[in-house]
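# Secondary and tertiary structure notes
One-letter residues, chain by chain:
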Amino acid sequence: MFKHVLVPLDGAELTPRAIDAGVALARQLGAAVTGFVAEAPLPLPSLSAYASAQGPTATATPSVEELRGDEHAQRLLQGFKTAAERAGVAFDGHYQHTADIDGAIVRAAAEHGSDLILMVTHGRGAVGRAVFGSHTPQVVARSPLPVLVMHDVPETAVRFERLLVAVDGSALAEHAMQAGIELARQLGASITAFIAEPPSQPPPPGYGALRYVREMEAHEQATTRHADGVLKDFERRAAAAGVPFKGIHVMSELVDRAIADAAQEQGCDMIVMATHGREGFGALLYGSQTRGVMVRSKLPLLVLH
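In this convention, every chain numbers its residues from 1, walking through the sequence in written order. Confidence filtering applies because this is a predicted model: local features only for residues at pLDDT of at least 70, side-chain atom pairs given and counted only at 80 or more, and all residues used for totals across whole chains, interfaces and linings. Computation of side-chain values covers all heavy atoms of the structure but excludes hydrogens and water.

## Describing the packing of aromatic side chains
In this description, a pair of aromatic rings is defined by centroid distance and the angle of the planes. Our working rule: Two rings belonging to Phe, Tyr or Trp (six-membered ring only in the last case) form a pair when the distance between their centres is within 6.5 Å. Interplanar angles under 30 degrees mark stacking, angles over 60 mark edge-to-face geometry, and anything in between is tilted. Secondary structure elements follow DSSP: runs of H or I of four or more residues count as helices, runs of E of two or more count as strands, with numbering from the N terminus.
Under the defined criterion, the tally for this structure stands at two aromatic pairs. Their ring planes at 50° and their centres at 5.2 Å tell us that Phe 234 and Phe 245 sit as a pair that is tilted. In this pair, Phe 234 is assigned in helix α8 (residues 209-240) and Phe 245 in strand β8 (residues 245-251), connecting sequence segments 11 residues apart.

Laid out in structure tokens, this is it:
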């Protein structure tokens, strides 16, 4: 399923970890990797300003390549190529000067045949924890391809062995099941399928207590039957693919927190979620639960559209 990973680079402090993570992921998947550098074009200085800076005897003007940072991009991509070759991973590199960094990343993934984008980002500070990288939420929102978001990336390469796949029985969960099983099979990983559903809402004032208790019990029984059916179907499919499986169902008012906590408690090293959220003006709103998990959890999150 995942045979070509695109890894954007920007030369910032996380670049070495992005390269290591991209190479390690591609190697585990048996995939190729593409490094992509998108940089905003630098404003061209006037000739008079340049001559003034160089002195009265200056006669040459800087090349467009020098002004626009091509050498910087080439250095980044060469370092990426070296790391990939050492690991035996097929590599190609591309760079582009554009003011639309997010769009360039999305377009590059399509143009170069990638089927997964890996975004390595900071973004879990105390007050600004929801601001998890200026480009990451835009790419997640705009990309039709899966995006794997990694923050707090360790210095040593990560190997994915236990996936938590969040499902709820909807059409999106069907997509998460299929993609999760294929990804786990490709990685040689196990799956923990997790369903978190909100409990019954408190009754309105004046509502009969006995009636409410009966309705709450009926709701929980129906919810449990539904969850059991989804998990049994998931288990059957995983078994057919030879993927180790475990299913968990809980009732929780905070679904995103329950997902993040379960992944931590179960020792998972990646969370997989499917979401809508690519609709016109509301593109940034790519699913409240997905966004909540991305903010709450330190684990890599694979967002499927």
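## Looking at the pattern of salt bridges
The test is simple: We define a salt bridge as a contact between a side-chain nitrogen of Lys or Arg and a carboxyl oxygen of Asp or Glu at a distance within 4 Å. Note on exposure labels: buried denotes an accessible area under 20% of the residue type's maximum, exposed denotes more than 50%, and partly exposed covers the range between, all computed with a 1.4 Å probe on protein chains only.
Per the counting criterion, the structure on display carries nine salt bridges. Between Asp 100 and Arg 107 there is a salt bridge, with its nearest N and O atoms 3.4 Å apart. Two residues, Arg 159 and Glu 161, come together in a salt bridge whose shortest N-O distance is 3.8 Å. For Glu 161, a relative accessible area of 37% translates into the label partly exposed. Each of the salt bridges in this network shares a partner with another, and the network as a whole consists of Glu 174, Asp 233, Arg 236 and Arg 237.

## Some words on the pairing of strand β1 (residues 4-9)
Heads up, the rule is: Here, the term right-handed applies to a crossover whose path from the first strand over the helix to the second runs clockwise when the strands point away from the viewer. At least two bridges found by DSSP between two strands are what make those strands a pair.
With respect to burial, β1 is a largely interior element, six of its six residues being buried. On β1, burial covers both faces: His 4, Leu 6 and Pro 8 on one face and Val 5, Val 7 and Leu 9 on the other are all buried. In this region the chain leaves β1, passes through helix α1 (residues 15-29) and returns to the parallel neighbour strand β2 (residues 32-39); the handedness of that crossover is right-handed. By the bridge criterion, two bridges tie β1 to strand β4 (residues 116-121) in an arrangement that is parallel. Looking across to β4, one finds that Leu 6 is bridged to Ile 117.

## Concerning the confidence of the model for the protein
For clarity, the threshold we go by: pLDDT measures how confident the predictor is about each residue, on a scale from 0 to 100. Contacts: residue pairs with any heavy atoms within 4.5 Å of one another.
When pLDDT is averaged along the protein, the result is 83, and 80% of the positions lie at 70 or above. Of all helices and strands in the protein, the one with the weakest mean pLDDT is helix α2 (residues 47-54) (48), whereas strand β6 (residues 162-166) scores best (97). Within the model, the stretch residues 125-132 combines pLDDT values under 50 with 14 contacts to residues more than four positions away or in other chains. Long-range and interchain partners of residues 278-286, a stretch whose pLDDT sits below 50, account for 23 contacts in this model, where long-range means more than four residues apart.

## Side note on helix α4 (residues 70-87)
For the record, the criterion: Helices are assigned an expected span. That span is 1.5 Å times one less than the residue count. The reported arc concerns the directions from the helix axis to the C-beta atoms and nothing else.
When the terminal C-alpha atoms of α4 are compared, their 26 Å separation across 18 residues agrees well with the 26 Å that a helix rising 1.5 Å per residue should span. All of the buried residues in α4 are Asp 70, Ala 73, Leu 76, Leu 77, Phe 80, Ala 84 and Ala 87. Projected down its long axis, α4 carries its buried residues within an arc of 130°, all on one side. The outward face of α4, more than 90 degrees from its buried face, is lined by the exposed residues Arg 75, Glu 85 and Arg 86. Gly 88 lies just past α4 and shows a positive phi near 75°.

## Notes on the environment of Val 255
Relative to the helices and strands, Val 255 resides in helix α9 (residues 255-265). Considering only alpha carbons, one finds Val 255 and Thr 290, 35 residues apart in sequence, at a separation of 9.8 Å. Excluding residues that lie within four positions of it along the chain, Val 255 makes contacts with Ala 196, Pro 198 and Gln 289.

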